[in-house]
Amino acid sequence: MKNKKILMLLDPPFPPDIRVEKEAKALLKAGFNLSLVCADDGKEENDWNGMKLYKVKLKKDIFSKFRRLSYIIHPEFYRYLDELFQKEYFDVLHVHDLRLVPTALKIKDKYGCKVVADLHENYPAAVREWNKANSGIKGIILRLFNNYNRWLAIEKEAVKKVDKIIAVVDEMKERMVRQHNVPEDKILVISNLEDEDFVKKAKVDENLIKKYKDKFVVLYIGGFGAHRGIDTAIKGIKYIDKDDIILLLVGKGSKKIEKELEKLIRENKLEKKIEIVGWQPFEKVYTYQKLANICIVPHHDNEHTDNTIPHKLYQYMMVGRPVVVSSCSPLARVVKEANSGLIFNARDPKDFANKILEIYKNKDLQEYFSQNGLKYTFNDRHTWQEESKKLIDIYEKIL
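A short tour of the structure in this document, coming up. Residue numbering note: each chain is counted from 1, following its sequence as written. Per-residue local features are limited, in this predicted model, to residues with pLDDT of at least 70; the limit for side-chain atom pairs, both in listing and counting, is 80 or more; totals at the level of whole chains, interfaces and linings are taken over all residues. Only hydrogens and water are set aside; all other atoms, that is, all heavy atoms of the structure, feed into the side-chain values.

1. Looking at the pattern of salt bridges
For step 1, the next point in the chain: The term salt bridge refers to a side-chain nitrogen of Lys or Arg lying within 4 Å of a carboxyl oxygen of Asp or Glu. Applying the stated criterion across every chain, the model contains 26 salt bridges.
For step 2, the next point in the chain: Ionic pairing is found between Arg 175 and Glu 155, a salt bridge with its closest N-O pair at 2.7 Å. Here the residue Arg 175 occupies a position in helix α8 (residues 170-180), and Glu 155 occupies one in helix α7 (residues 148-161), the gap between them amounting to 20 residues. Exposure class is identical for Arg 175 and Glu 155. Each is buried.
For step 3, the next point in the chain: Across the pair Lys 375 and Asp 380 runs a salt bridge whose closest N-O atoms are separated by 3.2 Å.
For step 4, the next point in the chain: Burial here depends on accessible area, computed with a 1.4 Å probe over protein chains only, as a share of the maximum for the residue type. Under 20% is buried, over 50% is exposed, and the range in between is partly exposed. By relative accessible area, which is 36% here, Asp 380 ends up partly exposed.
For step 5, the next point in the chain: The network of salt bridges with shared partners includes Arg 19, Glu 23 and Asp 118. A run of H or I in DSSP becomes a helix once it reaches four residues, and a run of E becomes a strand once it reaches two; helices and strands are each numbered from the N terminus.

Here's what the structure looks like:
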């Protein structure tokens, strides 16, 4: 069984992708024969920890970009996969996110392999949120050819035809059952829990710790997308009249988003209260979380954020940090279950500020939330070590 072949599909280049990396490591450790097809990044590496990498060269001219945007079947990925299957057979195509699922299904129709759709998020809703950040001709084109209704229709057909669906949160599973009438037993929830080694093998940058030792750090780490709610956190800081509290933003976004955030900070005269650090290597993520006093996930509430959950929430708890999250359904559910922090009304800066101050003023509460987060992840075994067993079980049954 283990000599049968699994081929993962990923639209962007690889690495990095934290979910793909964790799943790949789990499957490789269990002895499965695993390869991955992704977009070409121009690097010569064709192996990642024992997983063979196949790279698809994507044409960069305007016509090709539009063709990829408007076609349901990805032309270059399909051509590459068709040629690859003529040389060797793969038993399962494990597709990361909806975008390449129709392409995988066309290969399934031709060669008879199975398809597992690993849906990291509510892709139709995500497209709608991403499109909001684009204006002018680009925005018009995206809303015409790459919109919510188009991808919802694609999703509806795709989930009927795949052999198995992996969702990240219960809310996503419930949506597909309700919206697309997918049988419950066809969908398995494998959430974005963190590996214990994130803490156990972490190295601390003592210089970073010293830099912020006299500050009460409220930390956000990750992408700066418009739906992330960083604007709510920035606006919330102006309601906090404490000189030692700073908001530390570690990550990056599009140039447009970053300029908008910088403008928001200037307009509210918060340059001394907010620091944007920029993107940092993964090995420093633990240190930034370790030096923080509160870690936040301030997502806006919408159909996208109500159907996914970020890795960072579980990282925060595993490091033993109190969390403040918005009222998005998965965030609120997990934090209530863990009793590891406070929940503010999404998009409400004043409520965000009140929740930060409530924890700031109460050291016993800080310790209480910290210990609960540690217990939830380690003692109650909400870790990737436990969660990944579901993934192994899927493939033992499929193969």
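Alright, that's what it looks like, and here's the rest.
2. What about the packing of aromatic side chains?
For step 1, the next point in the chain: A pair of Phe, Tyr and Trp rings is counted when the ring centres sit within 6.5 Å of each other, with Trp represented by its six-membered ring. The angle between the planes then sorts it: under 30 degrees is stacked, over 60 is edge-to-face, the rest tilted. Following the criterion strictly, the structure yields 15 aromatic pairs and no others.
For step 2, the next point in the chain: Considering the side-chain rings of Tyr 54 and Phe 90, the 6.5 Å spacing of their centres and the 85° angle between planes classify their relative orientation as edge-to-face. Placement of Tyr 54 in strand β4 (residues 51-56) and of Phe 90 in the loop between α3 (75-87) and β5 (92-96) is noted, with a sequence separation of 36 residues between them.
For step 3, the next point in the chain: Given the relative accessible area of 8%, Tyr 54 is considered buried.
For step 4, the next point in the chain: An angle of 80° between the planes, with centres 5.7 Å apart, marks the rings of Tyr 123 and Trp 130 as edge-to-face.
For step 5, the next point in the chain: A relative accessible area of 36% means that Trp 130 is categorised as partly exposed.

3. Considering the sheet that holds strand β6 (residues 114-119)
For step 1, the next point in the chain: Ordered by their spatial adjacency, eight strands build an open sheet running β3-β4-β2-β1-β5-β6-β7-β8, and the pairing between neighbours is mixed. The open sheet has two edge strands, β3 (47-48) and β8 (187-189), and neither has a second partner.
For step 2, the next point in the chain: Where strand β2 (residues 33-39) meets β4, five bridges bridge the pair, whose relative direction is parallel. Looking across to β4, one finds that Ala 39 is bridged to Val 56. Two strands qualify as a pair provided DSSP detects at least 2 bridges between them.

4. Some thoughts on the side chain of Gln 289
For step 1, the next point in the chain: Within the secondary structure layout, Gln 289 lies in helix α13 (residues 285-291).
For step 2, the next point in the chain: By relative accessible area, which is 0% here, Gln 289 ends up buried.
For step 3, the next point in the chain: Within 3.5 Å is the distance limit for a polar contact, defined as a pair of N or O atoms, with the added protein rule that one can donate a hydrogen and the other accept it, and that residues adjacent in sequence qualify only through two side-chain atoms. A polar atom in the side chain of Gln 289 sits 3.0 Å from the side chain of Gln 315.
For step 4, the next point in the chain: Not counting the four nearest positions on each side in its chain, Gln 289 is found in contact with Phe 198, Leu 219, Ile 221, Cys 295, Gln 315, Tyr 316, Val 319 and Arg 321. We call two residues in contact when some of their heavy atoms are within 4.5 Å.

5. Here's the deal with the packing of helix α11 (residues 230-237) against helix α16 (residues 349-360)
For step 1, the next point in the chain: Relative orientation of the contacting elements α11 and α16 amounts to 70°, with a least axis distance of 8 Å. Between α11 and α16, the crossing angle belongs to the class labelled roughly perpendicular. α16 is crossed by α11, and the crossing has right-handed handedness. Where α11 abuts α16, its residues Thr 232, Ala 233, Lys 235 and Gly 236 lie against Pro 349, Phe 352 and Ala 353. Fitted lines through C-alpha atoms serve as axes, helices being fitted only where they are in contact, and the angles separating the N-to-C directions of these axes extend from 0 to 180 degrees. We call two directions roughly parallel when the angle between them is under 35 degrees, roughly antiparallel when it is over 145, roughly perpendicular when it lies between 65 and 115, and oblique otherwise. We call a crossing left-handed when the near helix sits turned anticlockwise from the far one by less than a right angle, and right-handed when that turn is clockwise.

6. Examining the packing of helix α14 (residues 311-318) against helix α17 (residues 363-379)
For step 1, the next point in the chain: Where α14 contacts α17, the axes come no closer than 7 Å and their chain directions differ by 110°. Relative to α17, the element α14 lies roughly perpendicular. Along its contact with α14, which presents Tyr 314, Met 317 and Met 318, the element α17 presents Gly 373, Leu 374, Tyr 376, Thr 377 and Phe 378.
For step 2, the next point in the chain: A breakdown of the residues in the contact of α14 with α17 according to their chemical character gives six nonpolar, two polar and no charged. Gly is put with the polar residues, along with every residue not named as nonpolar or charged; the nonpolar set is Ala, Val, Leu, Ile, Met, Phe, Trp, Tyr, Cys and Pro, and the charged set is Asp, Glu, Lys and Arg.

That is the geometry; function is a separate question.
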